[in-house]
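Architecture and fold: a report
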Amino acid sequence: MQHVTIIGLGLIGGSIGLGLRRWSAANSDALRVVGFDEDIEKQRRAKGIGAVDAVEWSLANSVSQADVVIVATPVGAMPDVFDNISPHLKHGAVVTDTGSAKAEVLEWAKRLPSHVDFVGGHPMAGKSESLEAADAALFRGATWVLCPSVTAAEGSVRTVLGIVAAVEADAFFVDPVEHDSYVAGVSHLPFVVAASLMEAVASDAAWRDMKTLSASGLRDTTRLALGNPVMHRDILLSNRASVSRWIDAFTTSLQTVKQQLQANDEEAAERLLEFFSKAQDDRARLETTNNRSAEQDALSAGSTPRENVSDQVGRMFLGGLGRRRRESRKGRE
């Protein structure tokens, strides 16, 4: 039996636990999943919904027997988590994370002892932030970014690949700097825009009357502003340069629209039409891409026996741990 510890029992940590326990139950209880969270109530709820086999009140105790440690805390808490678990990790343990910024997290992970491997991760999935919304199927078909440290052994990478496969996500390897640039545009900029739009209209003296006229346009566009402010702050601070670049690009686009409005001529009107037409086409292509991916997943599920996925996980997860330990023993001989 392999021991997996999940640190941070929110939506992501709870969903990982549910997914791993579901896979474990179908594979002779191959895993023991332990959870830890500074919020004792979250620990109680995680145990209650079956996201973990057990909880530990001590962070040190929670990782001391772990073969794999999954850090699913907010990004801003990760440096302290790495510092606090380092003295208690056993030789050959694998540490991974779920943070939405990777370059800085990989730098922080250098604090971990040399006898463990770190494989950075970022599951591109989410909905409500509460543990109550945890779902074993949350990651099914979702992209799970992997950014291994340069010192991580192949067996350790395969172990994390096994976790990704166990929760039915699709692994995607990418350079951490490229990852941060990409997600800054498609993930981090959107909640900056949502919060900025909300601030702009809600700060107006007429907001009390304006909000009675608001409908789906404002609600849909500002939905991300409902997210956890601490989480948003920490994500931006861990990815400053990339987010700043995308804010510049977005600001330039807004300024261009403003200039065309102020020009007040037929040529400017035509450029506005081109602007909105291109945006419509780009958004339609994005929708088509997503729909095709869903269709391909459905076709794949219909033609590929689920047993193949279980076999794949067994080879990558449990097999990876076995190979890594044999490699470790050879290194000590």
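Given the structure is predicted, the values throughout are model-derived calculations rather than measurements. Sequence order sets the numbering: in each chain, residues are counted from 1 along the sequence as written. Thresholds applied to this predicted model are a pLDDT of at least 70 for local features of residues and 80 or more for the giving and counting of side-chain atom pairs; totals over whole chains, interfaces and linings are not thresholded and use all residues. Note that water and hydrogens are dropped before the side-chain values are worked out from all heavy atoms of the structure.

Observations concerning the layout of surface pockets
Keep this limit in mind: Think of a 1 Å grid over just the protein atoms. A cavity is a set of points where a 1.4 Å probe fits yet cannot get out, a pocket is an open set with protein on both sides within 12 Å along at least five of seven lines, and lining residues have an atom within 4 Å of a point. Grid points are joined across faces, edges and corners, and a volume is the space filled by probe spheres set on the points. In this text, helices come from DSSP runs of H or I with a minimum length of four residues, and strands from runs of E with a minimum of two, each type numbered from the N-terminal end. For this classification, the nonpolar set comprises Ala, Val, Leu, Ile, Met, Phe, Trp, Tyr, Cys and Pro, the charged set comprises Asp, Glu, Lys and Arg, and every other residue, Gly included, is treated as polar.
Taken as a whole, the second largest pocket encloses approximately 1100 Å³ of empty space. Every residue lining the second largest pocket is counted, 24 residues in all, and those nearest its centre are Gly 185, Pro 190, Phe 250, Arg 283 and Leu 286. Secondary structure elements with two or more residues in the lining of the second largest pocket: helix 7 (176-202), helix 9 (216-221), helix 11 (240-263) and helix 12 (266-303). In terms of residue count, the dominant contributor to the lining of the second largest pocket is helix 12 (8 residues). Of the residues contributing to the lining of the second largest pocket, the split by class is 15 nonpolar, 4 polar and 5 charged.

A word on the sheet that holds strand 6 (residues 117-123)
Filter applied, for reference: When DSSP locates at least two bridges between a pair of strands, those strands are taken to pair.
The 8 strands lie next to each other as 3-2-1-4-5-6-7-8, forming an open sheet whose pairing is mixed. This sheet does not close on itself; its edge strands, each paired only once, are strand 3 (54-55) and strand 8 (170-173). Across 6 bridges, strand 1 (residues 2-7) lies against strand 2 (residues 31-36) in parallel orientation. Residue pairing across strands places Ile 6 opposite Gly 35, the latter belonging to strand 2.

Quick look at helix 11
How we decide: Expected helix span is taken as 1.5 Å per residue step, with the number of steps being one fewer than the number of residues. Accessibility here uses a 1.4 Å probe with only protein chains present; expressed as a share of the type maximum, an area under 20% marks a residue as buried, one over 50% as exposed, and anything in between as partly exposed.
Between its first and last C-alpha atoms helix 11 spans 34 Å; for 24 residues at 1.5 Å apiece the expected length is 34 Å, and the two agree. Among all positions of helix 11, only Ser 242, Val 243, Val 257 and Gln 260 are buried. Directly beyond the C-terminal end of helix 11, a positive phi value near 55 degrees is found at Asn 264.

Topic: the confidence of the model for the protein
For clarity, the cut-off: Confidence of the predictor at the level of single residues is given by pLDDT, which spans 0 to 100. Only heavy atoms matter for contacts: two residues are in contact if any of them lie within 4.5 Å across the pair.
Looking at the protein, the pLDDT average stands at 87 and 85% of residues meet or exceed 70. Note on residues 294-310: pLDDT is under 50 here. Beyond four places in sequence and across chains, it has 5 contacts. Scored below 50 in pLDDT, residues 320-333 makes 22 contacts in the model with residues more than four places away or belonging to other chains.

What to know about the environment of Val 157
By the element assignment, Val 157 lies in helix 6 (residues 154-166). Measuring from C-alpha to C-alpha, the distance between Val 157 and Val 94 comes to 8.7 Å, with 63 residues separating the pair along the chain. The contact partners of Val 157, leaving out residues within four places of it in the chain, are Val 119, Pro 148, Ala 152 and Phe 173.

Remarks on the packing of aromatic side chains
As a reminder of what qualifies: Aromatic pairs are defined between Phe, Tyr and Trp rings, using the six-membered ring for Trp, whenever the two ring centres lie within 6.5 Å; interplanar angles under 30 degrees are classed as stacked, those over 60 as edge-to-face, and all others as tilted. Definition used: whenever NZ (Lys) or CZ (Arg) falls within 6 Å of the ring centre and also within 35 degrees of the ring normal, the charge is taken to sit over that ring.
The final tally for this structure, using the stated rule, is 3 aromatic pairs. Consider the rings of Phe 82 and Phe 118, whose centres lie 5.7 Å apart with planes at 75 degrees: the pair is edge-to-face. A residue pair is termed long-range when its members are at least 10 positions apart, and Phe 82 in helix 4 (residues 78-85) and Phe 118 in strand 6 qualify at 36 residues. This pair shows no difference in class: Phe 82 is buried, exactly as Phe 118 is. Across from the ring centre of Trp 246, 4.7 Å away, lies the NZ or CZ of Arg 245, which sits over that ring.

A word on unusual backbone geometry
Backbone geometry follows two general trends: most residues other than glycine have a negative phi, and most peptide bonds adopt the trans configuration. Positive phi outside glycine occurs at Ser 28, with the angle close to 55 degrees. With respect to the helices, strands and loops of the structure, Ser 28 is situated in the loop between helix 1 (11-25) and strand 2. Despite not being glycine, Asp 29 has its phi angle at roughly 50 degrees, a positive value.

A few points about the packing of helix 7 against helix 10 (residues 229-237)
Note the threshold: Interaxial angle, 0 to 180 degrees, is taken between N-to-C directions of lines fitted to C-alpha atoms, where a helix line uses only the stretch in contact. Between 65 and 115 degrees an angle is taken as roughly perpendicular, under 35 as roughly parallel, over 145 as roughly antiparallel, and anywhere else as oblique. Should the near helix be turned anticlockwise from the far one by less than a right angle, the crossing is termed left-handed; should it be turned clockwise, right-handed.
The interhelical angle for the contact between helix 7 and helix 10, taken along N-to-C directions, is 130 degrees, at an axis separation of 11 Å. Here helix 7 is positioned oblique relative to helix 10, judged by the angle of their axes. The crossing of helix 7 and helix 10 is left-handed. Of helix 10, the residues touching helix 7 (which contributes His 188, Phe 191 and Val 192) are His 232, Ile 235 and Leu 236. Tallied by class, the residues present in the contact of helix 7 with helix 10 amount to 4 nonpolar, 2 polar and no charged.

Observations concerning helix 7
Cut-off, in case you're wondering: Any pair of nitrogen or oxygen atoms within 3.5 Å is treated as a polar contact; in protein, a donor-acceptor pairing is required on top of that, and neighbouring residues in sequence qualify only through side-chain atoms on both sides.
Its 27 residues place the ends of helix 7 36 Å apart at the C-alpha level, agreeing with the 39 Å of an ideal helix rising 1.5 Å per residue. For helix 7, the side-chain oxygen to backbone nitrogen distance between the N-cap and Val 177 is 2.9 Å, and the N-cap itself is Asp 175.

Comments concerning the packing of helix 7 against helix 11
At a closest axis distance of 8 Å, the pairing of helix 7 and helix 11 adopts a crossing angle of 60 degrees. One way to sum up the angle between helix 7 and helix 11 is to call them oblique. The two elements helix 7 and helix 11 meet at a crossing, and its hand is right-handed. Packed against helix 7, whose contacting residues are Asp 180, Ser 181, Ala 184, Gly 185, His 188, Leu 189, Val 192 and Val 193, the element helix 11 presents Ser 242, Val 243, Arg 245, Trp 246, Ile 247 and Phe 250 at the interface. Taken together, the residues of the contact of helix 7 with helix 11 break down into 8 nonpolar, 4 polar and 2 charged.

A word on the nonpolar core
Across soluble globular proteins, you tend to see nonpolar side chains buried next to one another. Here is the rule we go by: Nonpolar core, defined: a set of buried Ala, Val, Leu, Ile, Met, Phe, Trp, Tyr and Cys residues in which side-chain atoms within 4.5 Å join the residues together.
Judged by nonpolar contacts, the single largest core of 37 residues is most densely connected at Ile 6, Ile 16, Leu 20, Ile 70, Phe 139, Trp 144 and Leu 146. Put simply, the parts of the chain that give this core at least two residues each are strand 1, helix 1, strand 2, strand 4 (68-71), strand 7 (143-148) and helix 6. Leaving out residues up to four positions away in the same chain, Ile 70 has contacts with Val 4, Thr 5, Ile 6, Ile 7, Ile 16, Leu 20, Thr 96, Thr 98 and Ile 163. Grouped together as the second largest cluster of nonpolar side chains are 25 residues, Met 78, Leu 106, Trp 108 and Ala 109 included.

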